[in-house]
Amino acid sequence: MTSKQSSAPTASPASVRTDKRWQFWIDRGGTFTDIVARKSDGSLVTHKLLSENPEQYRDAAVAGIRHLLGLKAASRFAPTWSTA
């Protein structure tokens, strides 16, 4: 008898995520804006807010990102864009 070797992929050290940046996915709808974020530790968090709320923020996506990062409304942050 012969045995088959498993062809299941295994994680190599090069494929393990070491990036310390957050990633954000945004769904901006007519009523609500939903944000899903992958934190630097790999865990996922979500936030939902009204798409339009001019008394509280100019842009729902930016307000949601600030909320998830724990930044105050007036705090500035510099996004790094990636297509990966």
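Note: the structure precedes this text.
Below is a short write-up of the structure. (Residues numbered from 1 in each chain as written. Predicted model: local features only at pLDDT ≥ 70, side-chain atom pairs only at ≥ 80, totals over all residues. Heavy atoms only, no water.)

Topic: the pattern of salt bridges
Line of reasoning, step 1. Counted according to the given criterion, the structure contains 2 salt bridges.
Line of reasoning, step 2. Across the salt bridge formed by D59 and R28, the nearest N and O atoms sit 3.3 Å from each other. A residue pair is termed long-range when its members are at least 10 positions apart, and D59 in the loop between β3 (44-50) and α1 (60-69) and R28 in strand β1 (residues 23-28) qualify at 31 residues.
Line of reasoning, step 3. We classify D59 as partly exposed; its relative accessible area is 27%.
Line of reasoning, step 4. One salt bridge in this structure joins D34 and K48, with 2.9 Å as the shortest N-O distance. Residue D34 is found in strand β2 (residues 32-38), and its partner K48 is found in strand β3; the two are separated by 14 residues along the sequence.
Line of reasoning, step 5. Classification of D34 by relative accessible area gives partly exposed; the value is 25%. (Salt bridge = Lys/Arg side-chain N within 4 Å of Asp/Glu carboxyl O. Helix = DSSP H or I, 4+ residues; strand = E, 2+ residues; numbered from the N terminus. Buried < 20%, exposed > 50% of the residue type's maximum accessible area, 1.4 Å probe, protein only.)

Digging into α1
Line of reasoning, step 1. Those residues of α1 that fall on the buried side of the exposure criterion are A60, A61, A63, G64, I65 and L68.
Line of reasoning, step 2. Residues of α1 that are buried make contact with β1, β2 and β3.
Line of reasoning, step 3. Near the N-terminus of α1, the side chain that reaches the backbone nitrogen of A61, with its oxygen 3.1 Å away, is that of D59.
Line of reasoning, step 4. Downstream of α1 by a residue or two, G70 has a phi angle that is positive, lying close to 75°. (Contact = heavy atoms within 4.5 Å. Polar contact = N/O pair within 3.5 Å; in protein donor to acceptor, adjacent residues only side chain to side chain.)

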